[in-house]
Amino acid sequence: MTNLEPIASHRLHDGWQRQYKHQSAVLNCTMQFSVYLPPQAEHQALPVLYWLSGLTCTDENFSQKSAAQRAAAEHGIILVIPDTSPRGDDVADDDAYDLGKGAGFYLNATQAPWSAHYRMADYVVEELPALITQAFNTNGRASISGHSMGGHGALTLAIKHPQNYCSVSAFAPIVSPTTCPWGQKAFNAYLGDDQAQWADFDACLLLKKHGLKLPVKIDQGLADNFLDSQQLTKPFEQQCQQQQVAADIQYHDGYDHSYYFISSFIDAHIAFHAQALHKPG
Ligand SMILES: N[C@@H](CCC(=O)N[C@@H](CS)C(=O)NCC(=O)O)C(=O)O
């Protein structure tokens, strides 16, 4: 039996939007996550799409604002939406929105005080999938997607663990954290000032080192305030071109960094993952 404690359950597109609490051994704290179980889950083992959210989010932003569940119901995909950092009174934090709680950056921190709890990479790649496999009727196939900091998480974890995923996608991802303000601030705190350690969590540097054979899809709004200041998407596109990695990268006039942008293109991302997840063999 798993240690999942149900918190909420809502009927949605003939399936269930649910929220759970559990004690995380990896993060050493109580965590909350959301799951969407499409109607097919009643009688069939299904694949999973992990969604990693951006700065300031919990599991609820995507659940409530992306409108992803309709396409997940159509394609028979379970959505799993973790929180963006460890939580709780004894977890280190910072007053700024881009460090500490809500800003875990999907890495394993090595520096005090962060190293006591901030191990979101291991949580997303190992502990959470093991829990999901135990608790739900899954078929062993998974893909990963995310937004901004979560796009960084999805790309870096997929490049490092390609055997775990069938496809990867991102909205407005942070792709060069070692050279942008959000990433430099977080990496300095979580990983220390030895920049050699930073490369292991930078999508562009990881792509250069490992390449990527999975199907990749990225969407980016051209009215995104953070596009240039945080070097979203473009450096990764250049790295893909240099290494001849086939990635479907699209730019969209007028779209900003918000969930309005995500909800406008999420159906295409779910369909993209469905193709990889439901591929025979
Ligand atoms: N302007 C935001 C910056 C953070 C931000 O834009 N967060 C994005 C991800 S990087 C988000 O998804 N926010 C939550 C939401 O829009 O629901 C703030 O200061 O809180």
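Residues numbered from 1 in each chain as written. Predicted model: local features only at pLDDT ≥ 70, side-chain atom pairs only at ≥ 80, totals over all residues. Heavy atoms only, no water.

Asker: Summarise the site of the ligand; cite the residues concerned and give the values.
Answerer: In the vicinity of the ligand, the contacting residues are Gly54, Leu55, Thr56, Cys57, Asn61, Lys65, Tyr97, His147, Ser148, Phe226, His257 and Tyr259. With respect to the ligand, the side chain of threonine 56 contributes an N or O atom lying 3.4 Å from a nitrogen atom. Here asparagine 61 contributes a side-chain N or O atom positioned 2.8 Å from an oxygen atom of the ligand. If the ligand stood free it would expose 500 Å²; the protein chains cover 69% of that surface. Judged by the fraction of its atoms near the pocket grid, the ligand is located in the largest pocket. Looking at side-chain class alone, the shell around the ligand contains 5 nonpolar, 6 polar and 1 charged residues. (Near = heavy atom within 4 Å. Polar contact = N/O pair within 3.5 Å; in protein donor to acceptor, adjacent residues only side chain to side chain. Areas by Shrake-Rupley, 256 points an atom, 1.4 Å probe, with all protein chains shown as cover. 1 Å grid on protein atoms, 1.4 Å probe; cavity = no way out; pocket = protein on both sides within 12 Å on 5 of 7 lines; lining within 4 Å. Sits in = over half its atoms within 2 Å of the grid points. Nonpolar A, V, L, I, M, F, W, Y, C, P; charged D, E, K, R; others polar.)

Asker: So what about the packing of aromatic side chains? Which residues, and what values?
Answerer: Considering all chains together, one arrives at 14 aromatic pairs under this definition. With a centroid separation of 6.3 Å and 80° between ring planes, the pair formed by phenylalanine 105 and phenylalanine 187 is classed as edge-to-face. A residue pair is termed long-range when its members are at least 10 positions apart, and phenylalanine 105 in the loop between strand E5 (78-82) and helix H3 (120-135) and phenylalanine 187 in helix H5 (residues 181-191) qualify at 82 residues. For phenylalanine 187, a relative accessible area of 0% puts it in the buried group. Judged by centre distance (4.5 Å) and plane angle (45°), the rings of tryptophan 182 and phenylalanine 226 are tilted. Of this pair, tryptophan 182 sits in helix H5 while phenylalanine 226 sits in the loop between strand E8 (216-221) and helix H7 (234-243), and the two are 44 residues apart along the sequence. Residue classification places tryptophan 182 among the buried residues on the basis of a relative accessible area of 4%. Using a relative accessible area of 25% as the deciding quantity, one classes phenylalanine 226 as partly exposed. Through a chain of ring-to-ring contacts, the aromatic side chains of Trp51, Phe62, Phe171, Tyr255, Phe261 and Phe265 assemble into a single cluster. (Phe/Tyr/Trp six-rings, centres within 6.5 Å; stacked < 30°, edge-to-face > 60°. Helix = DSSP H or I, 4+ residues; strand = E, 2+ residues; numbered from the N terminus. Buried < 20%, exposed > 50% of the residue type's maximum accessible area, 1.4 Å probe, protein only.)

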